[in-house]
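# Structural description and commentary
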Amino acid sequence: MAERSSDLSGFYKKSAEERRKTVLEFAGIEPGAEPAWLPPPGVDRGILERMIENVIGTFPLPLGIATNFRVNGKDYLVPMALEEPSVVAAASHAAKIARGKGGFHAATSRPVMIGQISLVDVPDPNAARLRILESQNELLSLANGKDPLLNKVGGGARDLEVRLVPTPRGTIVIVHLHVDVRDAMGANAVNTMAEALAPELARLSGGRRNLRIISNLAIHRVARAWAIFPREGLEGEGAKGPDVVEGVLDAWNFAAHDPFRCSTHNKGIMNGVSAVAIATGNDFRALEAGAHSYAAWKAKDGGVIAPLTTYEKNPDGDLVGTIEMPMAVGLVGGATAVHPTAKLNVRVLGVKTASELAEVMASVGLAQNFAALRALANEGIQKGHMALHARNVAVMVGAQGAEVDALAARLAAEHTGRQDRAKEILVEMRGKVATSGT
Ligand code: MEV
């Protein structure tokens, strides 16, 4: 057999249908497998095919709706797209508990993103820094000239900062351009401005420009939310409310003092935040990068990573949770404005500005984290997880229709998610049906 080659010249020029055929041939997959790639009805193929390159189809994720969310006195149904069981249920449950004390209170800073221009081989970095700062007004005008529309809607380049970072390859002069990006995620606006400023900055510094790119460590664009989780709402699995409060406080304390735990603590927050980001067509990688680097940046005075949430007990003995994290999300430009499913999901959310979306997402992150800590400090997460996981296992071993729930129930009753056992039960169930049918 001829060796197969991934060097597919002209692949990008082919139609999606031709590409699918090529890919199936390459992978030795039988023709007829394509439907798993085809977009669901109602989603315009043409739009998706223009969003990225070499498109062969779509990858549908389950889309769930988190209920019970009340943020700043307004109710929301929150679309979440992700593959992990329990997340939507956990967020909805936490939001229900928080509702008892008014729900989430949230706010955002101004939507200011940072564009970085790095200058190398600068002969006199300290003097270069001052020359750049002296030219600040001209540089900001130059940047703003690149985006009149952003200026028209009240945004634009606002400030310049110059950092000197000594490295083994010499001092890097790093210029930070602060841009108020309004309702955009901002990468395009910021990168365009950074590229426009670079030649002038190189001239002023006497060095060479290296990179011109947005920073995802968006410390000037943060969303904050807090909520009270009343102790009466925290009873469960035989645990008393006050014990649950102490359990969550201990769980948070663990994350605050141990990076191995903190990583997972913050991952749970992103279970919520990224799921809403995906559902609304936002750049979830930018959010993940921002969140985790912010967690490291926040710990700069000690430790290596900090939790993005905090928990305290108020005088009533209730739990008060807070979250603060970068939230670079947009409603204009990008996939949010183009992808038909994202557009519909934004309409379901009913958010009118990127800040409002960021406030809801911070609330979802807090809800998700609270739900995880509450469960972990009590019954553990496997119980809730296993019930949903059991359905996935049932599907994996070939259960069809009503068999899925029946098999999942048997697996849950046996407290197992093992595929080999699932297969045995399925065979047994089918045997019984066949026997009872004769
Ligand atoms: C699982 O996806 C997320 C959790 O591990 C988060 C946490 O441990 O806090 C449950």
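### Some words on the packing of helix α4 (residues 125-134) against helix α7 (residues 187-205)
Interhelical geometry of α4 versus α7 gives an angle of 130 degrees and a closest axis separation of 8 Å. On the basis of their axis angle, the class for α4 and α7 is oblique. In the packing of α4 onto α7, the handedness of the crossing is right-handed. Along the contact surface, α4 presents Ala128, Arg131 and Ile132, while α7 presents Leu201, Leu204 and Ser205. Tallied by class, residues from the contact of α4 with α7 come to 4 nonpolar, 1 polar and 1 charged.

### Considerations on the packing of helix α3 (residues 87-99) against helix α12 (residues 354-376)
Here α3 crosses α12 at 95 degrees, and the two axes come no closer than 8 Å. With respect to their mutual orientation, α3 and α12 come out roughly perpendicular. Of the residues in α12, those touching α3 at Val87, Ala90, Ala91, His93, Ala94 and Ile97 are Ala367, Gln368, Phe370, Ala371 and Arg374. Class assignment of the residues belonging to the contact of α3 with α12 gives a composition of 8 nonpolar, 2 polar and 1 charged.

### Concerning the layout of surface pockets
Its volume calculated, the largest pocket comes out at about 1500 Å³. Together, 49 residues line the largest pocket, and Met51, Gly281, Ala335, Thr336 and His339 are the ones closest to its centre. Within the residue set of the lining of the largest pocket, elements represented by two or more residues are α2 (45-51), α6 (148-152), α7, α9 (259-279), α10 (284-298) and α11 (340-349). When residues of the lining of the largest pocket are assigned to their parent elements, the largest contribution, 5 residues, is made by α11. Its residues assigned to classes, the lining of the largest pocket comprises 30 nonpolar, 14 polar and 5 charged. In this structure, the second largest pocket encloses a volume near 550 Å³. Forming the boundary of the second largest pocket are 27 residues, of which Ala90, Ala371, Ala372, Ala375 and Ile381 lie nearest the centre.

### Considering the site of the ligand
Neighbouring the ligand are Glu84, Arg261, Thr264, His265, Lys267, Gly268, Asn271, Ala372, Leu376 and Ile381. Lys267 is positioned such that a nitrogen or oxygen atom in its side chain is 2.7 Å from an oxygen atom of the ligand. Contacts to the ligand include Asn271, whose side-chain N or O atom sits 2.9 Å from an oxygen atom. When the ligand sits alone it has 290 Å² of accessible area, and the protein chains cover 87% of it. A molecule is said to occupy a pocket when more than half its atoms come within 2 Å of that pocket's grid points, and by this definition the ligand occupies the second largest pocket. Contributing elements (two or more residues each) for the shell around the ligand: α9 and α12. With 6 residues, the single largest contributor to the shell around the ligand is α9.

### Here we look at a negative patch on the surface
Residues Glu232, Glu235, Asp243 and Asp316 make up a contiguous surface patch of negative charge. Along the chain, Glu232 turns up in the loop between β8 (222-229) and α8 (241-257).

### Points about the domain arrangement of the protein
Considered domain by domain, the protein is made up of domain 1 (1-60), domain 2 (112-215), domain 3 (222-379) and domain 4 (386-436). Summarising the inter-unit geometry, the C-alpha centres of domain 1 and domain 3 are found 37 Å apart. At the junction of the two partners, domain 1 supplies 5 residues and domain 3 supplies 5 residues. A buried area of about 370 Å², summed over both sides, lies between domain 1 and domain 3, and 86% of it is on carbon and sulfur atoms. The largest per-residue losses of area from domain 1 upon contact with domain 3 belong to Val43, Ile47 and Met51, which jointly make up 77% of the total buried on that side. Along the contact surface separating domain 1 from domain 3 lie 0 salt bridges. Taken together, domain 1 and domain 3 are joined by 0 residue pairs in polar contact (both at pLDDT 80 or more). In the side of domain 1 that touches domain 3, the residues fall into 4 nonpolar, no polar and 1 charged.

Definitions and limits used
Residues numbered from 1 in each chain as written. Predicted model: local features only at pLDDT ≥ 70, side-chain atom pairs only at ≥ 80, totals over all residues. Heavy atoms only, no water. Axes fitted to C-alpha atoms, helices over the stretch in contact; angles between N-to-C directions. Helix = DSSP H or I, 4+ residues; strand = E, 2+ residues; numbered from the N terminus. Parallel < 35°, antiparallel > 145°, perpendicular 65-115°, else oblique. Left-handed = near helix turned anticlockwise from the far one by under 90°. Contact = heavy atoms within 4.5 Å. Nonpolar A, V, L, I, M, F, W, Y, C, P; charged D, E, K, R; others polar. 1 Å grid on protein atoms, 1.4 Å probe; cavity = no way out; pocket = protein on both sides within 12 Å on 5 of 7 lines; lining within 4 Å. Points joined across faces, edges and corners; volume = space filled by probe spheres on them. Near = heavy atom within 4 Å. Polar contact = N/O pair within 3.5 Å; in protein donor to acceptor, adjacent residues only side chain to side chain. Areas by Shrake-Rupley, 256 points an atom, 1.4 Å probe, with all protein chains shown as cover. Sits in = over half its atoms within 2 Å of the grid points. Patch = residues over 30% accessible without salt bridge, like charges linked within 9 Å, V, L, I, M, F, W, Y side chains within 5 Å. Salt bridge = Lys/Arg side-chain N within 4 Å of Asp/Glu carboxyl O. Lys, Arg positive; Asp, Glu negative; His and termini not counted. Charge placed at Lys NZ, Arg CZ, Asp CG, Glu CD. Domains from an automatic or database assignment. Buried area = accessible area lost by both parts, 1.4 Å probe.

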